[in-house]
Amino acid sequence: MPTPLLPKLHPNHNVEQLTEPGEWFNRSADELKHISEGLDVNNQVQTQINSIPDIWARPLLFESALLNGSHPLHSQILGEWRGLLAMLALREVKNLVNLTTSLVEIKDDAAQPDFLRALHRLKPKGRSISADTDWGHLYVFLYQVGHLKSPVGMTSPTTLVFTSSHYANHINQNEVSWFDGRILQDPINRLSNQEKKALYGWIGELSGNLAASANQLNANLWNRMAGLLNSYLQDIGVTGTFTAGATTFGINGAAAGVFVHLNTPAAAPAHAPSESHVRLVSSADRTPSIPMLIVDGNIASEWRENPANVVVSGAATLASIPQNGLIQRNQIGSFMINNAQLWRPDELLTKKLYVVRQKDAFAGAKKEEWVGNSPVLGNDDVSVILPINDKLLEYLNEDELLRRLKFSQGGDGELTVTLDLPLSGDGVHASYKFRKTYARTDIVDFEKVPILEVFPNFVSAKWRAYFIAYSADNPRATFRVKPFAPHAQEARIAVHGNPNAERIIWRTDSYPQALVCYDGQEKAGLIFPSAPQTAPPTNRSFAVGVDFGASGTTVYKALQGDKQPVEFKNRKLVVTAVDPAQSSQVFDFFLPDRDIRTPFLSFFQVFNNHPQDAAELEPLLHGHTYYTDDERLGELQSQENIETNLKWSSGDFERLCAKAFLGQLCLQTAAELVAEGAQSVDWRFSYPTAFSDSHTLAYKQVCQQITDSVQALTGVRSSQLVHNTESVAAAAFFEDYQKAQTVLGTIFVDIGSSTSDISVWQRNTLLWQISLPFAGQDIFLNYLYRNPSVRQKFKLPDPQSGDNSEADRHRFYAAADAILRKDNEQIFARLPLIASQDDVDRLKNHLALGLSGLFYYVGLGIRCLREKKRFAEAEMPHFYFGGNGSQIFRWLTNGTWVTSSNPYNDLFGFVFKKAVSEDLRNYLKIEMSSLPKKEAAYGLVCNAILTVPDNSHKIVFAGENFRENNSTRRWDETIDAGVLTDSLKPPDRLEKLAEFVAAFNEFAQSSNGQVKKFDFNDQKAADVRSRLANDMARLAFERAQQQGVVVQPIFVLALKHLFNV
Amino acid sequence: MPDYFWIALASVVSLAAGFASGYWVSRQRKIEELEDIHHWVVRLAEKSKRIEILLVPHAARAQSKHGTVVSTPASTRRLIRDVQNIIDRLEGIASALVRQEFNKVGESQGVSVGFTGGEEETFRDAAPAPLSESQVEPPVEGENFNFTAPTQPISQEPYARIIQLYNLGVDDRAARDRFRNEYTITRIGNNKAVAQRLGEVSSPEFRKLDNGNFLAVPDARGSFYVLPWFDSTLNSSAYNEGGFDHVFFCPGYDPETAYTVVRVRRPAVFRQDGDAWVRVEKGELILQR
């Protein structure tokens, strides 16, 4: 179809015929007039004719079409006119910073270029709306797209403004939504209400300003212009008032005429983001640092609203979304958003959906809602990681997020997620449901879940220590996580033999509301751990006693006189249902999946992830208490990095481990007490008098630091910190629990693993207390270490190397102690069946000798007290034995202990009398503890009526003669660390040791073979003496090196060697 | 070593050699003999565990507290491990020979016993690797110890296709999906893993578990081929509490090592007995760190 270059001429035209196409003809200026008058413009011309070579034709045509309602181009030109005025009016509102003006002065001045002079000569004459507005002083409207500024319109004295003939693609559609890419359209339907109000105000202001100078106006033109402006106002549909913007177009001065009324655009409405319609409404417990504005054109569709009416921020609306949909955090179209962030809803969901091929894989997590059936992948049930960007958690809490999330599965296996976002809304709508469908190719499946656990599983107002454990044997097969917490302290643990494995513990100060999952570095969504339990109100005051033992540790609590052992409940939240092959690994690096009863072994496993020269080991992060009472005891010795000599070691690292062990103990204890409503705790710790002064001081300082730390972490106030000796604490137990009388004379002996804590009482007052470093290890376990046949009989493990090194012995002691404790009753049941066997017989004689030595030394002590007139009675004192080592008595008598008709009872009484005096009246009566191993911890929290003098009567009687500075000192002298010098030597003859053996053998002689004599000859005596000399030299050296040494009775030092010669 | 160990070892080796040379005539008799040998090797395997317990009860995972490996009775430990490897292989061979003969009986009686096709590649991949001389320590110094690998093509095994696809799926997700599309999978695992970790002395108890370590695929005889769940890592806890030790021979397994790539040389065979899944025959794994 031909494109007309010109309209037809009407029949009566005066245009001289142009006969030859492509030829130029000279005509007079009137010819143009003839052409314009001869054109048949009333015919329906659907295209703009602009081929008339007249520079002024465009404004004239524009005028003609605009002012003539019947002009075929009127509708289009009216739209363009309105569109251009709207651009001027809304320059600030729409942030049209690319719209500028440029003055063009058209003068017939010799200095002007020929072109302008020609324009001047051709400019329309006498056609202006106002006398002060001339065609020689015009403003061109320029619009910049990219680097190119193009004229898109101009001022006109007849129509105020007109648009260019060609400005296609010269205006950015993303900025001017009523530009269709070719021409400007009537903007009314593309504007928000706010924009309409601004436009209304501006047009009204323009109209009013023009009317105010009506006396200068061309009435005809003004009337038609006023009509156009009024109809524009009416069509806008809303009313508004004009507020002048802060900028101008530079159209000013007298020469500008009426154009000055175009100079000032309307001011942008001062919207704060809170007035946005698309601001994400936060949960009540969230205070995000910056508002989040959700930008999605579909919001308007869902609300059935004009996008321009959905305010994003200020003048920016959803209509401001660029056609390519791209937005930046702080920019939409030409609008900069400074005090909010823009997010597309698809950014709030993960790019891919991650699932685990396992039903209910997140057993300890909050469950999402499915519309229809639970999800499957092929034939496998799957569990979904919530595909949420953790950014949303700054605004919405996990419960609200979960409530607003729905899942469904389509017929082809695709999974659709619907996220119902709460928005500030427009007064009618207040949310937006965003849907995203993940096709199978967008679904990533994991085969396994990692170990994922949280401790503790409760919240309390002041509790600030939560631990999250993660472990994956093969991170390729599963996902990684990080807790959603700002200050999570992270500790990575190397897994022996598996460099691929990933094992991490985090400590956070709040319960982890969410765990952020990763697939490699890619965020894979969230898991919301199940809601924690809520601890009861904290209004109770407890007392807690901690008996830190060499082999086992016991903790007791007391509430208003009710004393109970502390049991560490399984207070973990197990988030993932790991496969059976993995589940047991958690024992090796976190807390076990069971309750822990007290006492438990004093073992601490170090992870070797602490900084070198660490001044502190954080419990659970750098190591953990190795709870093994009933797990893999046979393998105990081969477990890695287990510290078993926590109590007595003087090494710096072991001391750190001991502190971490006690720290975890107190933390777990606090967890138990918080679960019972604890507000405050009296912490009470026992210690042996055998600790050197420096060790005692260090121990007390450590306890103070731990309880301070626990108070800070748990909110449980440490109301008091008390220390008591183990011997006094054990005495308190016997007095309170077993109603022991301490008037006439009572001796309490707590045989632990490494010390026997002895206290002697009369008239309810402490006369003497001592921790003898001669206990279960020396009497019993060391014998087992050296005798494989006995071990075999009782199914005890062998030492790992058997090299007699201290480390090897300690590992063995720990394992044997644990097994003996666990299998106690079975062993005693078995004992009578094998009791007559030689091996067992020899063991029992050995145990009898050891215990006799203990009685003998205590007897020597009583003798000293009697000689000093401090022990007044001549009655045989009453003995109470406790501690795990007290089980040795049961070994002697095949599992039971009775005083009467018991040759060993007679033996001990005989030996004791030999040490004290033959004149002691009555027979020896020994009572066993009803709660072996729990005495000291119990005693710490009970209120026994016992008097402990200020000096505590910590006396070490030498028990054997010795030489100092070449002079002999007697066995009944007291000794302290000052005696440990190079001048300390053994006596020429071990008189008291010999007397003890003689007493033992004398009884054996008359026991009808029930007790065997101990073969002690001169050669053995010399051997013991030699070893004693070595001990003395070593202790003197250690003291000289400023090492805290334990002051031991000379008799006990010698007694230990008696077993080894 | 106890005498029965060497007797069983020699029996299996001579039997294998006998089969290779076609010494046996009666196939049924062969099966009975082989089953007998298989039984003895299984007993031998159990005894070897006991030997390990007796000789190195606390073997080898010790480290000093600062990470230095403490010397353990390495020579004894190596010997035990070598013996166990040999036994594992022997059991695999004996088991394979039993099945092979059994299948031949089925074929001769016109009974379908499963997949009989397979490619040569599959055979080479699936067949137990012959033991090298260095892997077999002679019982008495100077005594000759000859070993002949079975010559019958194990690619005829009905499970050849299953393990081929499974092993491909270890590295290739698409193959894994094909495996899942091709076979109906039931997930099973040791229901007593945690209890055993807590000290319970009992045999593994296999049940259908959502988080089991194994996948079971029905075979043509109403029983099931059992393979590790994809992406399983074999380490000491998987081996012990996880039940891998009960389900598979794991040649070369070292408890101090974790194997993150686990392929199958031969699937285990289970039967279903109510809720219980009972192992009928041990499978064999190919381990890779």
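Rules behind the numbers
Residues numbered from 1 in each chain as written. Chains lettered and ligands numbered in written order. Predicted model: local features only at pLDDT ≥ 70, side-chain atom pairs only at ≥ 80, totals over all residues. Heavy atoms only, no water. Helix = DSSP H or I, 4+ residues; strand = E, 2+ residues; numbered from the N terminus. Buried < 20%, exposed > 50% of the residue type's maximum accessible area, 1.4 Å probe, protein only. Areas by Shrake-Rupley, 256 points an atom, 1.4 Å probe, with all protein chains shown as cover. Contact = heavy atoms within 4.5 Å. Lys, Arg positive; Asp, Glu negative; His and termini not counted. Charge placed at Lys NZ, Arg CZ, Asp CG, Glu CD. Core = buried A, V, L, I, M, F, W, Y, C linked by side-chain atoms within 4.5 Å. Salt bridge = Lys/Arg side-chain N within 4 Å of Asp/Glu carboxyl O. Phe/Tyr/Trp six-rings, centres within 6.5 Å; stacked < 30°, edge-to-face > 60°. Axes fitted to C-alpha atoms, helices over the stretch in contact; angles between N-to-C directions. Left-handed = near helix turned anticlockwise from the far one by under 90°. Nonpolar A, V, L, I, M, F, W, Y, C, P; charged D, E, K, R; others polar. Pairing = 2+ DSSP bridges. Right-handed = clockwise from strand over helix to strand, strands pointing away.

**Brief notes about the overall build of chain B**
Here is step 1 of the chain: Looking only at helices and strands, one finds 9 helices and 9 strands in chain B.
Here is step 2 of the chain: Here chain B holds 289 residues, and 51% of them are scored as buried.
Here is step 3 of the chain: By element, 49% of the accessible surface of chain B is carried by carbon and sulfur atoms, the whole surface being about 13100 Å².

**A look at the overall build of chain A**
Here is step 1 of the chain: Counting its regular elements, chain A contains 23 helices and 46 strands.
Here is step 2 of the chain: Projected onto its principal axes, the C-alpha positions of chain A cover 160 × 60 × 50 Å.
Here is step 3 of the chain: Buried residues in chain A amount to 58% of all 1061 residues.
Here is step 4 of the chain: Of the contacts formed within chain A by residues at least 6 apart in sequence, a portion of 70% connects residues at least 24 apart.
Here is step 5 of the chain: Summed over all atoms, the accessible surface of chain A reaches about 42800 Å², with 46% contributed by carbon and sulfur.
Here is step 6 of the chain: Of the charged side chains in chain A, 103 are positive and 117 negative, and the gap between their average positions amounts to 4 Å.

**What to know about the nonpolar core**
Residues and elements named next belong to chain A.
Here is step 1 of the chain: Formed by 122 residues in total, the largest nonpolar core has its most connected members in Trp81, Leu85, Met87, Ile332 and Leu392.
Here is step 2 of the chain: Residues within four places of Leu85 in sequence aside, it is in contact with Val161, Trp202, Ile203, Leu206, Leu229, Tyr232 and Leu262.
Here is step 3 of the chain: In this structure, Ile758, Leu865, Phe889 and Leu1035 belong to the second largest nonpolar core, which totals 98 residues.

**With respect to the pattern of salt bridges**
Residues and elements named next belong to chain A.
Here is step 1 of the chain: A complete count under the given rule lists 71 salt bridges over all chains for this structure.
Here is step 2 of the chain: A salt bridge links Asp186 to Arg82, with the nearest nitrogen and oxygen atoms 2.8 Å apart. One end of the pair, Asp186, is in the loop between strand S4 (160-163) and helix H5 (193-212); the other, Arg82, is in helix H3 (residues 74-89), and 104 residues separate them in sequence.
Here is step 3 of the chain: For Glu105, the salt bridge identified is with Lys107, shortest N-O distance 3.9 Å.
Here is step 4 of the chain: Glu105 sits in the partly exposed class, given a relative accessible area of 33%.

**Examining the packing of aromatic side chains**
Residues and elements named next belong to chain A.
Here is step 1 of the chain: Summed over the entire model, instances satisfying the criterion amount to 66 aromatic pairs over all chains.
Here is step 2 of the chain: Measuring from ring centre to ring centre gives 6.4 Å for Phe685 and Tyr699, while their planes differ by 90 degrees; the resulting arrangement is edge-to-face. Here Tyr699 lies in helix H11 (residues 693-714) and Phe685 lies in strand S37 (residues 678-687), a separation of 14 residues in the sequence. For the pair shown, Phe685 and Tyr699 are each scored as buried.
Here is step 3 of the chain: Note on Phe774 and Phe1059: the rings are 6.0 Å apart at their centroids and 5 degrees apart in plane angle, and the pair reads as stacked. Of this pair, Phe774 sits in the loop between strand S41 (765-772) and helix H13 (776-786) while Phe1059 sits in the segment after helix H23 (1050-1058), and the two are 285 residues apart along the sequence.

**A few points about H23(A)**
All names here are of chain A.
Here is step 1 of the chain: Here H23 lies mainly inside the structure; 8 of its 9 residues are buried.
Here is step 2 of the chain: If you check which residues of H23 are buried, you get Ile1050, Phe1051, Val1052, Leu1053, Ala1054, Leu1055, His1057 and Leu1058.
Here is step 3 of the chain: Lining the buried residues of H23 we find S41, helix H17 (838-867), strand S44 (962-964), helix H21 (991-1005) and helix H22 (1018-1040).

**Side note on the packing of H17(A) against helix H19 (residues 903-916) of chain A**
Residue and element names in this part refer to chain A.
Here is step 1 of the chain: It is the contact of H17 with H19, at a shortest axis distance of 7 Å, that shows an interaxial angle of 35 degrees. Crossing angle aside, the handedness with which H17 passes H19 is right-handed. Note on element contacts: H19 touches H17 through Tyr904, Leu907, Phe908, Val911, Phe912, Lys914, Ala915 and Val916, opposite Lys844, Ala848, Leu851, Ser852, Phe855, Tyr856, Val858, Gly859, Leu860, Ile862, Arg863 and Arg866.
Here is step 2 of the chain: For the contact of H17 with H19, the class distribution of residues is 14 nonpolar, 2 polar and 4 charged.

**A short note on the pairing of strand S38 (residues 717-725) of chain A**
Moving residue by residue along a regular strand, the side chains alternate between the two faces of the sheet.
Residue and element names in this part refer to chain A.
Here is step 1 of the chain: In the sheet, S37 pairs with S38 via 8 bridges, with the strands oriented parallel. For Asp682, the partnering residue across the bridge sits in S38 and is Gln720.
Here is step 2 of the chain: In terms of handedness, the path from S37 via H11 over to S38 forms a crossover that is right-handed.

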